[in-house]
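Letter by letter, the chains look like this.
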Amino acid sequence: MHDLVIDNAVVLDGLGGPARAGGVAVAGGRIAAVGHDLGAARQRVDARGLALAPGIVDIHTHYDAQLTWDPFATPSTALGVTTVVIGNCGFTIAPCRPADRDLTLRNLTHVEGMALEALRAGVRWDFESYPQYLDAMEHRGVVPNVASFLGHSSLRTYVLGAEATRRAATPAEVAEMRRLVLEAVRAGAVGFATSTLEQHNGENGIPMPSRLADEAELLALTGALGEAGRGVFMLTKGMTSSIPWLEKVAAASGRPVMIAAMFVDPGDPARVFRELGEIEAARGRGRELWAQVGCFPLGMEFTLRHPYPLEAFLAWRPAIEAADEAAYRRVLADASFRKRLKDEAATPGVPNRFSYKTFAHLAIADVRRAEHRALVGRTIGALASESGRDPFDVFLDFGLDGELDAMFDCKLFNTDEDEVRRLLRHPHAAVALSDAGAHLSFLCDAGFGLHLFGHWVRERGDLTLPEAVKRVTSDVAAAYRVPERGRLQPGAWADLLLFDAATVGRGPKRRVNDLPTGATRLDTPAVGVHGVWVNGVRTADERGVLADCGRPGRVLREFTA
Ligand SMILES: [Zn+2]
């Protein structure tokens, strides 16, 4: 007798095979059979023609802190996700000495977009070393399955202390970090993650520790993956990390390299395709490079008080360093500051960055002063061309006019969908980039899989449903060496998503305040999701997550080579 049979479904196997009428039988947390006449079961679900696919594998999340108080990885469980990979970009909370806990949270608050008070109140520090972090998570339990990177920034802070954000490591420190990478991978880390991205700053604009690493350090630490013979090197790249350099890392370590974030940049739309060409050439030489791409325009909400997208400008430094609001206002008003900013923005070929092209996609979402209400919904680009002024002047003058807390809605990258479709269909692309669990105050892309099925399959027809399902299940599971998941096959784990292909998508953005201390985050509800199962246990139904589902997820610690 099976534990569960779901029948009368349209089965998508996650491997790209054609959609087939039928169902699955589950026993002992695994798929026992796929097809028709599945036999007796303790529990039966009549899918009434809905689509049944493997659960979504989200390889780019930041639930490292949140999972210590929220086993559901909210909102991913509701959005059809059955496996999350945490520790991306190297932002983790382990290893961490008790004395560095507050420093670690202060580093995270900015990139996570989560209030420091929420992190301080929420994080449960029941670990110090990285293996202890995995053990503690296993002990507390999780709802989705979790695979975890060892994060470079935490590793650096662990070995260099407060110096981690200031200098290169000594050879002895590099050797100690390398030993810890090996220890982590042997204990069950999915790999090692870092960031060289210029926007990745901690509190007060101090760079994240990984940004201080030199080439010798990166080669030594990725070399540890080579020595272990397992693990993925994940990197969110800034302007200093070229694809040929990453090919060198892949060649030296013999390990896969996952490169985020590959966007179509309206300021230089050809660049991402040039880089994809370099990745293809590297593949031809036997180096496994992956381009991590996303299916949303990279949009975010921000205020001029916390202008994350502007912080990548070298010319923005004086604004970051301003001691108080009065000093900040003086910097923003300063003509020479603005001139340097304008010059830098007009320089072509500078990657992943706010440019003059951005202003057409930078809208005023909300204002503080009643007399500005008519401006809501207008873009800075339109206001600038109407007035014949430089958009930076329009933008900064608006902020200085009592609107430092006005909300902007900005689409930075992936604004041209005909270009994005080329990324989504690329054979060496890994579709992800949800950043779920991070940037909570200004974006929520955790529903990327549902959006892929709804928008890119049903509305645009750029991918077939079997292809789209494969992209966010078996393809990414294979890239990360996650065995027996992301596919509906006898013997595989029963991670399942039941949805209505005619309506699936993500709902409108809304603000909710369910973080510790009542802090708010952006959320998007699921549309068309009828059920989610992790290791054969139902974690969500058509009304949302099942609070009493237990903690059926596993901390994934064994990966194939
Ligand atoms: Zn990230």
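To continue, consider the state of the cysteines. Here a disulfide denotes a covalent bond joining the sulfur atom of one cysteine to the sulfur atom of another. For the structure shown, the criterion picks out zero disulfides. Free cysteine C96: the closest other cysteine sulfur is in C89, separated by 18 Å. On the accessibility criterion, C96 (2% relative accessible area) is buried.

We now examine the pattern of salt bridges. Oppositely charged side chains can form a pair if their charged atoms are brought close together. In the structure shown here, the tally under the stated rule is 54 salt bridges. Among the ionic pairs, R287 bridges to E247, the shortest N-O distance being 4.0 Å. Of the two residues, R287 sits in the loop between α8 (271-284) and β12 (289-293) while E247 sits in helix α7 (residues 243-253), which places them 40 residues apart along the sequence. Given a relative accessible area of 29%, R287 falls into the partly exposed group. Residue E247 is classed as buried on the basis of its relative accessible area of 12%. Two residues, K470 and D475, come together in a salt bridge whose shortest N-O distance is 3.0 Å. A relative accessible area of 14% means that D475 is categorised as buried.

Another point: the packing of helix α4 (residues 152-160) against helix α6 (residues 215-228). With their axes 13 Å apart at the nearest point, α4 and α6 run at an angle of 105 degrees to one another. One finds that α4 runs roughly perpendicular with respect to α6. Contacts from H152, L155 and R156 in α4 reach E217, L218 and L221 in α6. Of the residues assigned to the contact of α4 with α6, the class counts are three nonpolar, one polar and two charged.

This paragraph deals with the sheet that holds strand β14 (residues 362-366). Spatially, three strands are ordered β13-β15-β14 in an open sheet, and the strand pairing comes out antiparallel. The open sheet has two edge strands, β13 (298-302) and β14, and neither has a second partner. The average angle at which neighbouring strand axes cross in this sheet is 25 degrees, direction not considered. Judged from the four bridges that link them, β14 and strand β15 (residues 407-413) form a sheet pairing that is antiparallel. Within β15, the residue paired with D366 across the bridge is M407.

Quick look at the domain arrangement of the chain now. Examined at the domain level, the chain breaks down into domain 1 (55-297 + 415-480) and domain 2 (300-412). Centre-to-centre, using C-alpha coordinates, domain 1 lies 28 Å away from domain 2. Taken together, the 20 residues of domain 1 in the interface contact 18 residues of domain 2. Interface area, domain 1 with domain 2, both sides summed: about 1900 Å², of which 55% is carbon and sulfur. Contact with domain 2 buries surface across domain 1, with Q199, M239 and F442 losing the most and accounting together for 32% of the total. At the junction of domain 1 and domain 2, the tally comes to zero residue pairs in polar contact (both at pLDDT 80 or more). In terms of residue class, the side of domain 1 that touches domain 2 is built from six nonpolar, nine polar and five charged.

Let us now look at the pairing of strand β10 (residues 232-236). Among the five residues that make up β10, five are buried, leaving the element largely enclosed by the rest of the structure. Neither face of β10 is exposed, since V232, M234 and T236 on one face and F233 and L235 on the opposite face are all buried. With five bridges connecting them, strand β9 (residues 191-195) and β10 associate as parallel partners. In the sheet register, F192 faces β10, and the bridge partner there is F233. Two elements, β10 and strand β11 (residues 257-260), share four bridges in a ladder whose sense is parallel. Residue T236 lies in a different strand from β11, and its bridge partner there is A260. The handedness of the β10 to β11 crossover, carried by α7, is right-handed.

Turning next to the packing of aromatic side chains. Under the counting rule described, the total for this entry stands at 21 aromatic pairs. Aromatic side chains F302 and F395 sit 6.5 Å apart centroid to centroid with 90 degrees between the ring planes, which places their arrangement in the edge-to-face category. One end of the pair, F302, is in strand β13; the other, F395, is in helix α13 (residues 391-400), and 93 residues separate them in sequence. Judged by relative accessible area, F395 falls into the buried class, the value being 0%. Members of the aromatic cluster, each reached through a chain of ring pairs, are F302, F313, F354, Y356, F359, F392, F395, F398 and F408. The ring of W290 has R283 sitting right over it, with the charged end atom 4.7 Å from the ring centre. R422 extends its terminal NZ or CZ atom over the ring of F273, reaching a point 3.7 Å from the ring centre.

For the rest of this paragraph, the subject is the coordination of the zinc ion. With distances of 2.1 to 2.5 Å, the protein atoms coordinating the zinc ion are H60 (NE2), H62 (NE2), C89 (SG) and D435 (OD). One way to put it: the four donor atoms around the zinc ion meet at angles of 79 to 171 degrees, and that makes the site irregular. Along the chain, the residues donating to the zinc ion fall in the pattern H-x1-H-x26-C-x345-D. Of this pair, C89 sits in the loop between β7 (81-86) and α1 (101-112) while D435 sits in the loop between β16 (429-431) and α15 (448-459); the two residues are 346 residues apart in sequence, bridging distant segments of the chain. For C89, a relative accessible area of 2% puts it in the buried group. Overall, D435 belongs to the buried group, its relative accessible area being 17%.

So, on to the sheet that holds β9. On the basis of which strands lie adjacent, the open sheet formed by eight strands has the order β6-β7-β8-β9-β10-β11-β12-β16 and parallel pairing. Across the chains shown, the open sheet's two edge strands, defined by having one partner strand only, are β6 (56-58) and β16. When strand polarity is set aside, the average angle formed by the axes of neighbouring strands in this sheet is 25 degrees. Bridge count for β6 against β7 is three bridges, and the pairing is parallel. From the neighbouring strand, D58 faces β7, where its bridge partner is V84.

About the cut-offs
For every chain, the first residue of the written sequence is number 1, and numbering continues from 1 along that sequence. With the structure being a predicted model, the display of local features is reserved for residues of pLDDT at least 70 and the display and counting of side-chain atom pairs for 80 or more, all residues being used for whole-chain, interface and lining totals. Side-chain numbers come from the whole structure's heavy atoms, not from hydrogens or water. Note on disulfides: each one is a pair of cysteine sulfur atoms within 2.5 Å. Between buried and exposed lies partly exposed: a residue is buried under 20% and exposed over 50% of the maximum accessible area for its type, with that area taken using a 1.4 Å probe on protein chains only. Every case where a carboxyl oxygen of Asp or Glu lies within 4 Å of a side-chain nitrogen of Lys or Arg is listed as a salt bridge. The numbering of helices and of strands both runs from the N terminus, where a helix is a DSSP run of H or I of at least 4 residues and a strand a run of E of at least 2. Note on method: axes are straight lines fitted to C-alpha atoms, helices fitted across the in-contact stretch only, with angles between N-to-C directions ranging 0 to 180 degrees. Orientation categories follow fixed angle ranges, with anything under 35 degrees roughly parallel, anything over 145 roughly antiparallel, 65 to 115 roughly perpendicular, and all other angles oblique. Should any heavy atoms of two residues lie within 4.5 Å, those residues are counted as being in contact. Note on residue classes: Ala, Val, Leu, Ile, Met, Phe, Trp, Tyr, Cys and Pro are nonpolar, Asp, Glu, Lys and Arg are charged, and everything else, Gly too, is polar. The pairing criterion is simple: DSSP has to find at least two bridges between the two strands. What marks off one domain from the next here is an automatic or database domain assignment. Buried area counts how much accessible surface, traced with a 1.4 Å probe, disappears from two parts once they are put together, with both parts' losses summed. Pairing of N or O atoms within 3.5 Å defines a polar contact, subject to two protein rules: one partner must be a possible hydrogen donor and the other a possible acceptor, and residues neighboring in sequence count only if both atoms are side-chain atoms. Look down the strands so they point away from you; if the path from the first strand over the helix to the second goes clockwise, the crossover is right-handed. Centres within 6.5 Å make a pair out of two Phe, Tyr or Trp rings, where for Trp the six-membered ring is used; the pair is then stacked when the planes are under 30 degrees apart, edge-to-face when over 60, and tilted otherwise. Placement of a charge over a ring requires the Lys NZ or Arg CZ to be within 6 Å of the ring centre, with the centre-to-atom vector within 35 degrees of the ring normal. Any N, O or S atom lying within 2.8 Å of the metal counts as a donor, and for Na, K and Ca the limit rises to 3.2 Å; water is left out, so some sites can look incomplete. Any site counts as irregular unless it has four donors with all angles between 85 and 135 degrees, making it tetrahedral, or four or six donors with opposite ones more than 155 degrees apart and the rest between 65 and 115, making it square planar or octahedral.

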